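One-letter residues, chain by chain:
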Amino acid sequence: MSVVGFDVGNENCVIGVAKQRGIDVILNDESNRETPAVVSFGEKQRFIGSAGAASATMNPKSTISQVKRFIGRKYKEPAVQKDLKLLPFATSEGPEGGILIHLQYMGEKQSFTPVQIMAMLFAHLKQIAEKNLETDVSDCVIGIPSYFTDLQRRAYLYAAEIAGLKPLRLMHDGTATALGYGIYKTDFSAGGPTNVVFVDVGHCDTQVVVASFEPGHMKILSHAFDSDLGGRDFDEVLFRHFAANFKEQYNIDVYSNARASIRLRAACEKLKKVLSANPEAPLNIECLMDEKDVKGFIKREDFEKLSSDLLEKIGIPCRKALHDSGLTADRIHTLELVGSGSRIPAMGRILNSVFRKEPGRTINASECVARGCALQCAMLSPIFRVREYEVQDSFPFSIGFASDEGPVCTLSNGILFPKGHSFPSMKVLTLQRSSSFHLEAFYTNQNELPPGVSDKISKSTIGPFQIPHSEKTKIKVKIQLNLHGIVTVESACLIKDQTSHSTSENNVDTHAENMEVSTREASGVMHGLDVEQLGKTTGEVEKVPKSFCAGPVGHDTRKSKAVKRQDIPVSESVDGGMTLMELSQAQEKECQLAEQDIKVERTKDKKNTLEAYVYETRNKLLNTYRSFATDSEREGISCNLQETEEWLYEDGDDESEHVYAEKLEDLKKMVDPVEHRYKEEEARAQATQNLLNSIVEHRMAAGSLPASEKETVINECNKAEQWLREKFHQQEALPGNADPVLWSSEIKRKTEAFEAMCKHVMRHKSSPQKTEDGSGSDHRSKREDDMDVD
């Protein structure tokens, strides 16, 4: 097994992997470190990653990109509608207000959800990793934006499960970057924390993180973001500029042509990168549309003027992150700028004005998230040993809970997990209820969320349960904000107190049991515990006294409560989430699509093999095989090769794997006799040489044998040589295109028989020779043995 980290960006994906000597980035089949986040549907198969990007221009309406923007979102959100207008594929509103993507595939209209498309990307990245590492890949950590809502986080987990992955954690992009930065640095001051700001300008968003570092410890102080400001917005500025110029100069409207729009946007993205290093840059596109070549030119200063509004917006999340961290600019030690959209020089001036520091670029801008995720995966996986390093992340939103009777805690707006709360975290609510009830999770502050996002999270039903006389009883509900940043009602139980007399020894057990049920809360440091519980619906927070875990306090008899617990079923309904049946159907659909892809690839391989055989055989027939085929054979094979070639480019252009295999088999039946003669000549020559070598060796060995054995061996050598000479003369009299009279297999059998006979004779000579005069036998035997040795 191996552990990997996935950074699935809006435009590109990067795969980090933990190896024995550190973290590395995996190359894809094209030997690139980044894989396009694109899924394109052809007529009979999908093209994902680099192949999908190559198909985008030719097949824009069936090519899905920027799916990260739509996963876990509602169709009618203003930001979603704005994005969809820039993309060529068809969409509509799906069940529960979600998004459905429509396209042509396998000759019919098909619909997919963003979760299914993301699962296809995950499966492709998994395949790349497994091919590169030559082992199964399951455990992983996936980078996500800090502004992802509960539903978006769940959607990533759904997609990963469909793809056969097991995410150990969904990790905030900024936290992953900070981890990769901090764990390797050894120069942090022991006198106090070192505060570092990470500004990540991606393809579609901007995220800012303030992190505090100490030796062996990292704490995220704040997250801030702009979910609609990224590198693509600067591309769009150039796109609009040149689209207007071309309409005026060439009288063409690129907005009316999907393919032209894709090509111009791609050219503008390249132009933006050129302007990052040069004061001016040209733009040239051949045959953009209406068979017209277009040319353009822009200076960096003009580009910055066109982008001035966007550049000013970069400072907003920066100031917010600094404010939420509780720090001032003079307490920030370092500023790091990363992300695919961060290369615009003017950004440095904006960041300098906020933090009063020049931004550093010491981190790999495109790979830092994947590397940090791979490192976190190694820390969480039991198969790697990583030096102890404490990671404490903070949650960017406030989460509250309400029951049928109103908010369940006293904090303002019913907040249970306030913004900036460390996670994973667990809290226990103590409620008084007499029958089944509901708990609803929600975001308490709409302003903390990306624009247009719903504040609903999930609704849980606690029950049914039975209590006598319909009296209210104590219900303890365990609520978890887990490692993925997803809030769930973990469990619920009914508590019955029974008063009894007991000694202090029993008190210890009772208190310990009581604490286990109701007072445990996991802190943001994964191994930490905090003894805090939330009280009843009045919201009182009870502090658990340390004496709960103390030793004996005396031997006096006192009243104590025996606690009886009864588990209560909990069922959860997520607003916009997938049911188990929907998840199972999506997995089955992905398997069908993957099998179809494999089938098409096998068919392509068979077709390519047939095509290669046609060209290779035609060449050999004119050269290598020429003297081994009769005129009629040569004519018949050439005719069939020509017919097969024409068939391949006409009727046989789109056939099944079985048909290509049959065609290849038919051709081989015609060519095999000729090929066999050619190969037989080489094999016959080698077998002949082997037999001649064996004859020479045994003739030389016969010189040391007694006269009778020597004569026998020499006769065998002569017979074998005579046989070979006669057969060879017969074979030489035949043309190369005739079936041979002397086969290599026959020569091999003759060689084996000859060598067996000679060995038998030579073994016989090693037996002692006895004479009629027994007295001299020992002396003669010794003398003969001496002669043999000499």
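Note that the coordinates shown come from a computational prediction; the quantities given were computed from them, not determined experimentally. (Residues numbered from 1 in each chain as written. Predicted model: local features only at pLDDT ≥ 70, side-chain atom pairs only at ≥ 80, totals over all residues. Heavy atoms only, no water.)

## Quick word on the overall build of the protein
- Looking only at helices and strands, the protein has 18 helices and 33 strands in total.
- By the burial criterion, 50% of the 790 residues in the protein qualify as buried.
- For the protein, long-range pairs separated by at least 24 residues make up 70% of all intrachain contacts whose partners lie at least 6 apart in sequence. (Helix = DSSP H or I, 4+ residues; strand = E, 2+ residues; numbered from the N terminus. Buried < 20%, exposed > 50% of the residue type's maximum accessible area, 1.4 Å probe, protein only. Contact = heavy atoms within 4.5 Å.)

## Quick word on the packing of aromatic side chains
- Per the stated rule, a full pass over the model turns up 23 aromatic pairs.
- Their ring planes at 25° and their centres at 5.1 Å tell us that F41 and F112 sit as a pair that is stacked. With F41 in strand β5 (residues 38-41) and F112 in strand β10 (residues 108-112), this residue pair connects regions lying 71 residues apart in the sequence.
- Between the aromatic rings of Y181 and F198, the centroid separation amounts to 5.2 Å while the plane-to-plane angle is 80°, which identifies the pairing as edge-to-face. (Phe/Tyr/Trp six-rings, centres within 6.5 Å; stacked < 30°, edge-to-face > 60°.)

## Some remarks on the packing of helix α13 (residues 580-622) against helix α15 (residues 657-702)
- At a closest axis distance of 8 Å, the pairing of α13 and α15 adopts a crossing angle of 25°. Here α13 lies roughly parallel to α15, going by the angle between them. Crossing hand, α13 versus α15: left-handed. Contacts between α13 and α15 involve R602, T603, K606, K607, T609, L610, Y613, V614 and T617 from the former and E657, Y660, A661, K663, L664, L667, K668 and V671 from the latter.
- Split into classes, the residues belonging to the contact of α13 with α15 amount to 8 nonpolar, 3 polar and 6 charged. (Axes fitted to C-alpha atoms, helices over the stretch in contact; angles between N-to-C directions. Parallel < 35°, antiparallel > 145°, perpendicular 65-115°, else oblique. Left-handed = near helix turned anticlockwise from the far one by under 90°. Nonpolar A, V, L, I, M, F, W, Y, C, P; charged D, E, K, R; others polar.)

## Considering the nonpolar core
- Membership of the largest hydrophobic core comes to 87 residues, with the highest contact counts inside it found for F122, Y156, F401 and V477.
- Considering each element in turn, this core owes the most residues, 11 residues, to helix α3 (residues 114-133).
- The contact partners of V477, leaving out residues within four places of it in the chain, are K427, V428, L429, L431, F437, L439, V489, S491 and A492.
- If you look at the next biggest cluster of nonpolar residues, it comprises 49 residues, including L229, L288, F303 and I344. (Core = buried A, V, L, I, M, F, W, Y, C linked by side-chain atoms within 4.5 Å.)

## As for the side chain of R684
- Its location among the elements puts R684 in helix α15.
- Owing to a relative accessible area of 12%, R684 belongs among the buried residues under this scheme.
- Those residues in contact with R684 that lie beyond four places of it in its chain are Q731, P740, L742, S744 and I747.

## What about the state of the cysteines?
- Tallying each qualifying case throughout the model produces 0 disulfides.
- Just so you know, C758 is unpaired, no disulfide at all, and the nearest cysteine sulfur is the one on C717, 5.0 Å from it.
- The class of C758 is buried, set by a relative accessible area of 1%. (Disulfide = S-S within 2.5 Å.)

## Here's the deal with the pattern of salt bridges
- Within the structure shown, the criterion is met by 34 salt bridges.
- One salt bridge in this structure joins D228 and R69, with 2.4 Å as the shortest N-O distance. Residue D228 is located in the loop between β15 (217-226) and α6 (231-250), and its partner R69 is located in the loop between β7 (63-65) and α2 (78-84); the two are separated by 159 residues in the primary sequence.
- The exposure class of D228 is partly exposed, given its relative accessible area of 22%.
- Among the ionic pairs, E93 bridges to K76, the shortest N-O distance being 3.7 Å. (Salt bridge = Lys/Arg side-chain N within 4 Å of Asp/Glu carboxyl O.)

## Considerations on the confidence of the model for the protein
- On average, residues of the protein score 84 in pLDDT, and 87% of them are at 70 or above.
- Counted against residues more than four places away or in other chains, residues 500-557, with its pLDDT under 50, gives 116 contacts.
- Low pLDDT, under 50, characterises residues 768-790; the predicted model gives this stretch 6 contacts beyond four residues in sequence or across chains. (pLDDT = per-residue confidence, 0-100.)

## Things to note about helix α14 (residues 631-648)
- For α14, with 18 residues, the first-to-last C-alpha span of 26 Å sits near the 26 Å given by 1.5 Å per residue.
- Those residues of α14 that sit buried are R634, I637, L641, T644, E645, W647 and L648. Along the axis of α14, the buried residues cluster in a sector spanning 160°; they form a single face. Across α14 from its buried face, at more than 90 degrees, point the exposed residues D631, S632 and E635.
- Buried residues along α14 sit in contact with α13 and α15. (Expected span 1.5 Å × (residues − 1). Arc of directions from axis to C-beta.)

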